[in-house]
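Observations on the three-dimensional arrangement
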Amino acid sequence: MQIVVAEIPRGGRQLQVDPGVDWALRAATEALEVEPMRLSGLLDVAYPARRERVDVRCRIEAAAERPCDRCGERVSIQLRCDELLLYFSTQAQEDVDGEVELDAEDLEVGWYEDGALDAESVVREALALALPARVACEDSAACDQRTEQLLASANENAPVGHPAFAVLRDLQ
């Protein structure tokens, strides 16, 4: 879904985010790496009077089941996103000549091209930012036990030591 920046009304524009909106469902599925069990929210898109940037307030809730990063068991994750994302035109970036030194806050912006902002990319970015660094089971003791069992079964048939040293082992 392309949002034409010049057509954003003075009071802003709202876009619904839910499973019935194809582009929103695609974005959530890509960000979560699985189709969400629940998805709802709004994008409040504003184009401030200065006409320098597009502000997008993302208020999105999503739920999905993903495998635990440690033991592989299915884990339910609940995401709640309330972020303000800022987007500048790539044309503004191209108008700057020479090298530009960026501050930390300069790295927290996105870019749009050809006068249009891609709403699907906005939802994908907002959900990706809301994801935990690691998806893990709530019951860490049970997760530890399952992980130990997985490692033990994987190591049962594994050769001892690195294969490159097998020649040295045979020299004895």
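Described below are features of the structure shown in this document. (Residues numbered from 1 in each chain as written. Predicted model: local features only at pLDDT ≥ 70, side-chain atom pairs only at ≥ 80, totals over all residues. Heavy atoms only, no water.)

A pair of packed helices can be characterised by two numbers: the angle between their axes and the separation between those axes. It is at 8 Å that the axes of helix α1 (residues 22–32) and helix α3 (residues 119–130) come closest, and there the two elements cross at 35°. The two elements α1 and α3 cross, and the hand of that crossing is right-handed. Touching Trp23, Ala24, Arg26, Ala27, Ala28, Glu30 and Ala31 of α1 are Ala119, Glu120, Val123, Arg124, Leu127 and Ala128, all from α3. Among the residues forming the contact of α1 with α3, the class breakdown is nine nonpolar, no polar and four charged. (Axes fitted to C-alpha atoms, helices over the stretch in contact; angles between N-to-C directions. Helix = DSSP H or I, 4+ residues; strand = E, 2+ residues; numbered from the N terminus. Left-handed = near helix turned anticlockwise from the far one by under 90°. Contact = heavy atoms within 4.5 Å. Nonpolar A, V, L, I, M, F, W, Y, C, P; charged D, E, K, R; others polar.)

Moving on, we come to the pattern of salt bridges. Evaluation of the coordinates by the stated rule reveals 12 salt bridges. Between Glu120 and Arg26 there is a salt bridge; the shortest N-O distance is 3.0 Å. Of this pair, Glu120 sits in helix α3 while Arg26 is found in helix α1, placing the two residues 94 residues apart along the sequence. A relative accessible area of 13% means that Glu120 is categorised as buried. On the basis of relative accessible area, Arg26 is assigned to the partly exposed category, the value being 46%. (Salt bridge = Lys/Arg side-chain N within 4 Å of Asp/Glu carboxyl O. Buried < 20%, exposed > 50% of the residue type's maximum accessible area, 1.4 Å probe, protein only.)

Attention shifts here to helix α4 (residues 140–156). If you check α4, its first and last C-alpha atoms are 24 Å apart, about what 17 residues at 1.5 Å a residue would give, namely 24 Å. Within α4 the residues assigned to the buried category are Ala142, Cys143 and Thr147. When α4 is viewed along its axis, its buried side chains cluster within an angular range of 135° and face the same direction. Facing away from the buried surface of α4 by more than 90 degrees, the exposed residues are Ala141, Gln145, Glu148, Gln149, Asn155 and Glu156. (Expected span 1.5 Å × (residues − 1). Arc of directions from axis to C-beta.)

With that settled, the discussion passes to the pairing of strand β3 (residues 38–46). Burial along β3 is one-sided: Leu39, Gly41, Leu43 and Val45 are buried, and none of Arg38, Ser40, Leu42, Asp44 and Ala46, which face the opposite way, are. In terms of strand pairing, strand β2 (residues 13–17) meets β3 through five bridges, oriented antiparallel. Bridging from a neighbouring strand, Arg13 pairs with Val45 of β3. Taken together, the nine bridges between β3 and strand β4 (residues 53–67) define a ladder with antiparallel strand orientation. Following the sheet pairing, Val45 is matched in β4 by Val56. (Pairing = 2+ DSSP bridges.)

The subject of this paragraph is α1. Every buried residue of α1 is listed here: Trp23, Ala24, Leu25, Ala27, Ala28, Ala31 and Leu32. Taken together, the buried residues of α1 touch β2, β3, β4, β5 (74–89) and α3. Backbone geometry just after α1 places Glu33 at a positive phi near 70°.

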